[in-house]
Amino acid sequence: MLLRSLPIVLALTLSAGATAVQAQTQTPAAVGAAEIRAIAERETLWCAGWDDADQSCESLALYRPSTERAGEIDESVMLQIAAAPEVRLVVYGASRFEGDRLCTDYAVADVRVVVLIDGTPADEDVAAPVVAVFEEAMAEFEGKRICTRYLRVAEDRLRDEVTVDGARREDLESEYRLFPFDRAPRLRAPGGPDLDTSQA
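One structure accompanies this document, and this report is about it. All chains use their own residue numbering, which begins from 1 and follows the written sequence. Only residues with pLDDT of at least 70 get local features here, since the model is predicted, and only at 80 or more are side-chain atom pairs given and counted; chain-wide, interface and lining totals rely on the full set of residues. Calculated side-chain values reflect all of the structure's heavy atoms, with hydrogen atoms and water omitted.

1. As for the pattern of salt bridges
Logical step 1: Between Lys or Arg on one side and Asp or Glu on the other, a salt bridge is scored when a side-chain nitrogen of the former is within 4 Å of a carboxyl oxygen of the latter. Within the structure shown, the criterion is met by 21 salt bridges.
Logical step 2: The residue Glu43 makes a salt bridge to Arg64 at a minimum N-O spacing of 2.7 Å. With Glu43 in the loop between α2 (33-41) and β2 (45-48) and Arg64 in strand β4 (residues 59-65), this residue pair connects regions lying 21 residues apart in the sequence.
Logical step 3: Since its relative accessible area comes to 35%, Arg64 is described here as partly exposed.
Logical step 4: Here Arg145 ties to Glu98 by a salt bridge, and the two come within 2.3 Å at their closest N and O atoms. With a gap of 47 residues between them, Arg145 in strand β10 (residues 145-154) and Glu98 in strand β6 (residues 87-98) connect regions that are remote in the sequence.
Logical step 5: Here the salt bridges share partners, and the residues they tie into one network are Glu68, Arg69, Glu72, Asp74 and Arg96. Runs of H or I in DSSP of at least four residues are treated as helices and runs of E of at least two as strands, each being numbered from the N terminus. Think of it in three bands: residues with accessible area under 20% of the maximum for their type are buried, residues over 50% are exposed, and the middle band is partly exposed, with areas taken using a 1.4 Å probe on protein chains only.

2. Focus on the nonpolar core
Logical step 1: Membership of the largest hydrophobic core comes to 18 residues, with the highest contact counts inside it found for Leu89, Tyr106, Val113, Val115, Phe134 and Phe141.
Logical step 2: Listing elements by their share of this core, those giving two or more residues are β6, β8 (112-117), α3 (124-138) and β11 (157-164).
Logical step 3: Top element by residues in this core is α3. It accounts for 4 residues.
Logical step 4: Side-chain atoms within 4.5 Å link the members of a nonpolar core, which is a set of buried Ala, Val, Leu, Ile, Met, Phe, Trp, Tyr and Cys residues. Within the second largest apolar cluster, 17 residues are counted, among which are Ala33, Tyr63, Leu102 and Leu178.

3. Points about unusual backbone geometry
Logical step 1: Cis peptide bonds are those with omega within 30 degrees of zero, and the linkage from Ala84 to Pro85 qualifies with -5°.
Logical step 2: Along the chain, Pro85 falls in the loop between β5 (72-82) and β6.
Logical step 3: Non-glycine residue Gln55 carries a positive phi angle of around 55°.
Logical step 4: Within the secondary structure layout, Gln55 lies in the loop between β2 and β3 (56-57).
Logical step 5: Residue classification places Gln55 among the partly exposed positions, given a relative accessible area of 38%.
Logical step 6: Positioned with a positive phi, Asp165 is a non-glycine residue whose angle comes to about 50°.
Logical step 7: Within the element layout of this structure, Asp165 appears in the loop between β11 and β12 (167-168).

Structure below.
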């Protein structure tokens, strides 16, 4: 959710091949800043690309109220790159509330990227090519303002509306299923088997 749901989360979901949300037949109810904060305080997991058939996600995001910067939400998003060995990309960033929207002025310098191989941080020389691919995928957002507002689709599902420098970007939008932190769903690699997300 930055990631994909939050600005960075959205971009990550896009790079992972997430499918854009289709138009809804009914307008879902908007989710306000207070409710988003409450979800973050519960340490809820946001699953993008939920697959009912195999009970897995394309990415998982976790949002927490920042303990250092008032009004900000700290975000981490995890993607599975490969299954054997298990390679995961974890991206850390932050967004700030502007009304009921979460916004960030994207800068690669403000984002921390960690590559995990079988749950262990990869050596710099191994991680560097993966980080370079991520940075290249995100280059179009450098210096741009990415804002996201959320709408409730169902009790445990939200979808987002994303703007980049004020222009709607439906190709970045996703639907999320929410899970309690202690009920983390499986995370799947593109075209690969599902694996438990013990590192989320």
